[in-house]
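For reference, the chains in residue letters:
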Amino acid sequence: MGKLLFATTNPGKLRELRELMGGDLEVVSLADLPPLPEVDEDQPTFEGNAEKKARAYAAASELPTLADDSGLCVEALGGRPGVQSARYGDSDADRIRRLLKALEDVPVEGRRAEFRCVLCLAKPIGEAVLELGRCEGRILFAPRGANGFGYDPVFEVAGGSRTMAELSSVEKSAVSHRGIAFRKMRPHLLALGGAGHR
Ligand code: ITT
């Protein structure tokens, strides 16, 4: 079976990616390897950061590597926190608090937002593949639900009345930015399983 590194330090992402991958490939995470140099996420786009992480960790680990750069883009905030989503606060609770504060005067019709996820698959040598997934919704005035991670409790998914944190992991992956990007990436991942690949 082919081996793949999921290069993320975010336990929520790792859990979702492992579940999406099922048993098709042997997946290792950064925690399974000796410490690798940290990658500075200094690019202005999700694509740039995902490719930078995937290429750096593929080169360092000598394994085909999948990296995820994702975040929440809020229309009333001009697309922020965007690529800064992880650095918007010190904890999930703090990030949510700041987001709700920034939007406190914004009425319900102005609270449109979307999650974006860019996955990048890189091999130690050669081309990288990038896939994007998006999920539209709006930011609530208070958190609801205990599943998922990050901004999920304040993000109500478009077309329904539940937050991401009120969905099961299977329901979340069916509509989420990460699930969508992953399903586009799947053929490239399965191609790693063939004979002659590492
Ligand atoms: P790695 O770079 O190690 O993968 P990270 O948490 O630093 O982990 P990002 O820079 O891509 O990852 O930041 C993404 C942030 O966006 C993440 O920390 C969450 O706050 C938020 N986010 C991404 N996907 C999300 C999801 O499915 N649900 C809720 N919040 C999400």
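Look up a bit, the structure's there.
Cut-offs applied
Residues numbered from 1 in each chain as written. Predicted model: local features only at pLDDT ≥ 70, side-chain atom pairs only at ≥ 80, totals over all residues. Heavy atoms only, no water. Helix = DSSP H or I, 4+ residues; strand = E, 2+ residues; numbered from the N terminus. Contact = heavy atoms within 4.5 Å. Core = buried A, V, L, I, M, F, W, Y, C linked by side-chain atoms within 4.5 Å. Buried < 20%, exposed > 50% of the residue type's maximum accessible area, 1.4 Å probe, protein only. Axes fitted to C-alpha atoms, helices over the stretch in contact; angles between N-to-C directions. Parallel < 35°, antiparallel > 145°, perpendicular 65-115°, else oblique. Left-handed = near helix turned anticlockwise from the far one by under 90°. Salt bridge = Lys/Arg side-chain N within 4 Å of Asp/Glu carboxyl O.

Notes on the environment of glutamate 156
Point 1. Within the element layout of this structure, glutamate 156 appears in strand 6 (residues 155–157).
Point 2. Between the C-alpha atom of glutamate 156 and that of glutamate 114, which follows or precedes it by 42 residues, the distance is 10.0 Å.
Point 3. Apart from residues no more than four positions distant in its own chain, glutamate 156 is found in contact with Glu136, Gly137, Arg138, Leu140, Arg144, Ser161, Arg162 and Thr163.

Some thoughts on the nonpolar core
Point 1. Leu72, Val74, Leu99, Ile139, Tyr151 and Phe155 are the most contacted members of the largest nonpolar core, which has 19 residues in total.
Point 2. Those residues in contact with leucine 72, other than ones at most four positions away along the chain, are Gly79, Arg80, Pro81, Gly82, Ser85, Leu99, Ala113, Glu114, Phe115, Ile139, Tyr151 and Phe155.

Topic: the packing of helix 1 (residues 11–21) against helix 5 (residues 177–190)
Point 1. Taken N-terminus to C-terminus, the directions of helix 1 and helix 5 make an angle of 50°; their axes are 11 Å apart at the nearest point. By the criterion of interaxial angle, the relationship of helix 1 to helix 5 is oblique. The handedness of the crossing between helix 1 and helix 5 comes out as right-handed. Contact residues: Lys13, Glu16, Leu17, Leu20 and Met21 in helix 1; Arg178, Gly179, Phe182, Arg183, Arg186 and Leu189 in helix 5.

Regarding the pattern of salt bridges
Point 1. Under the criterion given, the structure shown has 23 salt bridges.
Point 2. Note that glutamate 75 and arginine 112 form a salt bridge whose closest N and O atoms lie 2.9 Å from each other. Here glutamate 75, found in the loop between strand 3 (65–74) and helix 3 (92–102), pairs with arginine 112, found in strand 4 (residues 112–122); they are 37 residues apart in sequence, far enough to count as distant.
Point 3. A salt bridge links arginine 134 to glutamate 114; the shortest N-O distance between them is 3.0 Å. Here the residue arginine 134 occupies a position in strand 5 (residues 128–139), and glutamate 114 occupies one in strand 4, the gap between them amounting to 20 residues.
Point 4. Take arginine 134: its relative accessible area is 43%, and that puts it in the partly exposed class.
Point 5. Of the residues examined, glutamate 114 reaches a relative accessible area of 8% and is grouped as buried.
Point 6. Through salt bridges that share partners, Lys13, Glu16, Asp68, Asp152, Lys172 and Arg178 make up one connected network.

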